[in-house]
Amino acid sequence: MRLKKFTATLAASALAFGLTAGVAQAEPQQPIKVDSQGVVTGSHIQNLYSHMGKYKTVSTMKAQDCGLVYKIYAKILEKDHNNKMKHTCWGTFPDGTKKPADVQFVYPENIAELGKLPVIIYTPGIGAEAGLTEHLYHMWASHGYIVVVTYTFLNWTGYTDVQGAASLFAESQNSKSPLFGHVDATKTILTGHSAGGGSTESGSSWLLPQVEKKYPGLKVVAAVPLQPGPSVGFQPLLSKVPTFYLTGEKDTVCFDWSIRPRYKMNKNVPAWIAMVKGAPHGQEMDDWRNSAFAASVLAFADLYLNNTENARQIFFGPNYFLAKDAAFMKVERNDKAAALK
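Values in this document were obtained by computation on a predicted structure and should not be read as measured data.

**Description of the environment of S199**
Consideration 1: Within the element layout of this structure, S199 appears in helix α6 (residues 195-203).
Consideration 2: According to the relative accessible area criterion, S199 is buried, its value standing at 0%.
Consideration 3: Residues S199 and G144 lie 55 residues apart in sequence; the distance between their C-alpha atoms is 24 Å.
Consideration 4: Setting aside chain neighbours within four positions, we find S199 in contact with T123, N155, W156, T157, G158, Y159, T160 and D161.

This is how it looks when you write it as structure tokens:
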């Protein structure tokens, strides 16, 4: 009897730390650390998803040093938004001559040897140079995704997702494109930061039927608005896909109190919301190692594209790990999410 009790206790402990059979441990477990702002690293979701995948990656845009405008922008990220990395840029307006409205792709280097790959469509924040967060795209792409980076400088209306879908379909049908024959548009995740997060809300709600009708075969399966900017008030009522909202504890631009009511309006689809401890508004733009934002996108994608046990344990069930994860606070889920097993 004692042996059975010991075995059960050991199994429960292993489960809590993600060490049970079937839970892949691609990277050594990192210890919990808390930086000077209170941002946590080494949490459960990060240990599972915050690492480079098995694929080397390439981008359709070359990284370069930022010009004067975005050097100042990067300095503000460092000084006021807890960013620790040295940012690079893509040379778009107003720092360079490249178009401020465009679409770029980041994907596995050996894509020619692979089958069809799922898609992440990302929109940056208002006025943010898309190259500032290139490190996120490469991390996601290293796990076998085609990352579509779509931007219009304002990045707010949801048009970015339409623009991204149009370019994705053009590339998938162009026999000279590396993406030809390798796009699985039926497995698409929408995400974006700040104004881009508001755009994600548009793209996954009132705009979605129009986009999917215009581009047959496109299927958005989930959305992850990251510290999303203001959106049209009725948008969450029209949400078409499961949605995971992330806010920041120290965000003074897109306050949690302005986002949480939108989460609560999601009645027709499963929805979750979590506040990243210590995070100011620009935290998402830092190296993916330094917060739970990038890992959260991968975890939600893993849930709705692959239905893995790792992801199910984080989001599903009465003891779902998201509620206990050290990186988050004020975690909630709606009734539809709570009913999932």
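Back to the write-up after that little detour.
**Details of the pairing of strand β7 (residues 183-193)**
Consideration 1: The buried fraction of β7 amounts to nine of the 11 residues, a majority that puts the element mostly inside the structure.
Consideration 2: In this structure, strand β5 (residues 117-123) lies alongside β7, joined through six bridges in parallel fashion. Bridge assignment links I120 to a residue of β7, and that residue is I189.
Consideration 3: Bridge analysis of β7 against strand β8 (residues 220-226) gives six bridges, and the strand direction is parallel. Its bridge partner lying in β8, L190 is registered against A223.

**Re the nonpolar core**
Consideration 1: In this structure, Y137, W140, F315 and F328 are the most contacted members of the largest nonpolar core, which totals 53 residues.
Consideration 2: Looking at which element gives the most residues to this core, the answer is helix α9 (residues 293-306), with 10 residues.
Consideration 3: Each residue touching F328, except ones within four places of it in the same chain, is listed here: I45, L246, A274, M275, V276, K277, A292, S296 and L322.
Consideration 4: I111, L190, V220 and A223 belong to the second-largest nonpolar core, a separate cluster that totals 27 residues.

Parameters at a glance
Residues numbered from 1 in each chain as written. Predicted model: local features only at pLDDT ≥ 70, side-chain atom pairs only at ≥ 80, totals over all residues. Heavy atoms only, no water. Helix = DSSP H or I, 4+ residues; strand = E, 2+ residues; numbered from the N terminus. Buried < 20%, exposed > 50% of the residue type's maximum accessible area, 1.4 Å probe, protein only. Contact = heavy atoms within 4.5 Å. Pairing = 2+ DSSP bridges. Core = buried A, V, L, I, M, F, W, Y, C linked by side-chain atoms within 4.5 Å.

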